[in-house]
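A closer look at the structure
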Amino acid sequence: MKFYQSAITLNPYARGFHLISNEVLSAIPEIRKINIGILQVFVKHTSASLTINENADPTVRLDFETHINKMVPENMPYYLHNYEGPDDMPAHIKASLMGVSVAVPITNGKLNLGIWQGIYLCEHRNNASSRNLVITAFGN
């Protein structure tokens, strides 16, 4: 079994859902050496998350942002953790709901995603800094 790992820092993104598949693939070209395996992507933050979804129509990403903001609104009077502003606690909740990692099969040296699938960085803060990812590929 082969193991490869890369750590990258993404430039800051605006609040919303952003395709990062190309950045991930650029960071770990060694997947070409794996016939059958898994690529795992992990974001090292508590106010951003990762998911896999539609990679073609950008309105899907806008709809995600709109819907999750309705699910987890800002300025709720019961939030105690608001030291960094009204988006602070909602960002933590959204990150936990969406998750901080994704796993994608590798088949014959390529990600085995569906034709319309891509990896998203879900940025839940209004003024986010850069985001750190750990990308691990393993397999035969």
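A brief look at the structure comes next. (Residues numbered from 1 in each chain as written. Predicted model: local features only at pLDDT ≥ 70, side-chain atom pairs only at ≥ 80, totals over all residues. Heavy atoms only, no water.)

Below, the discussion takes up the overall build of the protein. Along the protein, the regular secondary structure elements total three helices and eight strands. Along its sequence from the N terminus, the protein presents helices and strands in the succession β-β-α-β-β-α-α-β-β-β-β. For the protein, whose C-alpha radius of gyration is 16 Å, the value lies close to the compact-globule estimate of 14 Å for 140 residues. When each of the 140 residues of the protein is scored for burial, the buried share is 41%. Here the analysis covers contacts within the protein between residues at least 6 apart in sequence; of these, 82% occur between residues at least 24 apart. Within the structure as shown, the protein displays about 7600 Å² of accessible surface, and the carbon and sulfur contribution to it stands at 55%. In the protein, the 11 positive side-chain charges and the 11 negative ones have mean positions that sit 9 Å from each other. (Helix = DSSP H or I, 4+ residues; strand = E, 2+ residues; numbered from the N terminus. Rg over C-alpha atoms; globule rule 2.2 N^0.38 Å. Buried < 20%, exposed > 50% of the residue type's maximum accessible area, 1.4 Å probe, protein only. Contact = heavy atoms within 4.5 Å. Areas by Shrake-Rupley, 256 points an atom, 1.4 Å probe, with all protein chains shown as cover. Lys, Arg positive; Asp, Glu negative; His and termini not counted. Charge placed at Lys NZ, Arg CZ, Asp CG, Glu CD.)

Right, let's talk about helix H2 (residues 58-71) for a bit. Along an α-helix, residues three or four apart share an orientation, since each turn contains 3.6 residues. With 14 residues, H2 extends 20 Å between its outermost C-alpha atoms, agreeing within 8% with the 20 Å of an ideal straight helix rising 1.5 Å per residue. Those residues of H2 lying buried are Arg61, Glu65 and Ile68. End-on view of H2: buried residues confined to an arc of 80°, all on one side of the axis. Exposed and facing more than 90 degrees away from the buried side of H2 are Leu62, Asp63, Lys70 and Met71. (Expected span 1.5 Å × (residues − 1). Arc of directions from axis to C-beta.)

Right, let's talk about the nonpolar core for a bit. Formed by 23 residues in total, the largest nonpolar core has its most connected members in Leu39, Val41, Leu133 and Ile135. Within the residue set of this core, elements represented by two or more residues are strand E1 (2-10), helix H1 (21-27), strand E3 (36-43), strand E4 (48-54), strand E5 (101-107), strand E7 (117-123) and strand E8 (131-139). When near neighbours in sequence (up to four residues on either side) are disregarded, Ile135 contacts Tyr4, Gln5, Ser6, Ile8, Val24, Ala27, Ile28, Leu39, Gln40 and Val41. (Core = buried A, V, L, I, M, F, W, Y, C linked by side-chain atoms within 4.5 Å.)

Glancing now at the sheet that holds E3. Judged by pairing direction, the sheet is antiparallel, and its five strands sit side by side in the order E1-E8-E3-E5-E6 without closing on themselves. Each end of this open sheet is capped by a strand with a single partner; those strands are E1 and strand E6 (110-111). As judged from the two bridges shared by E5 and E6, these two strands associate in the antiparallel manner. Of the residues in E6, the one forming a bridge with Ile106 is Leu111. (Pairing = 2+ DSSP bridges.)

Now for the sheet that holds strand E2 (residues 16-19). Spatially, E2-E7-E4 is the arrangement adopted by the three strands of the open sheet, whose pairing is antiparallel. The sheet is open, and its two edges are formed by E2 and E4, each paired on a single side. For this sheet, the mean angle separating the axes of adjacent strands, direction not counted, is 35°. Against the sheet, helix H3 (residues 88-98) makes contact with E2, E4 and E7, and its axis sits at roughly 45° relative to E4, the strand it touches most. (Axes fitted to C-alpha atoms, helices over the stretch in contact; angles between N-to-C directions.)

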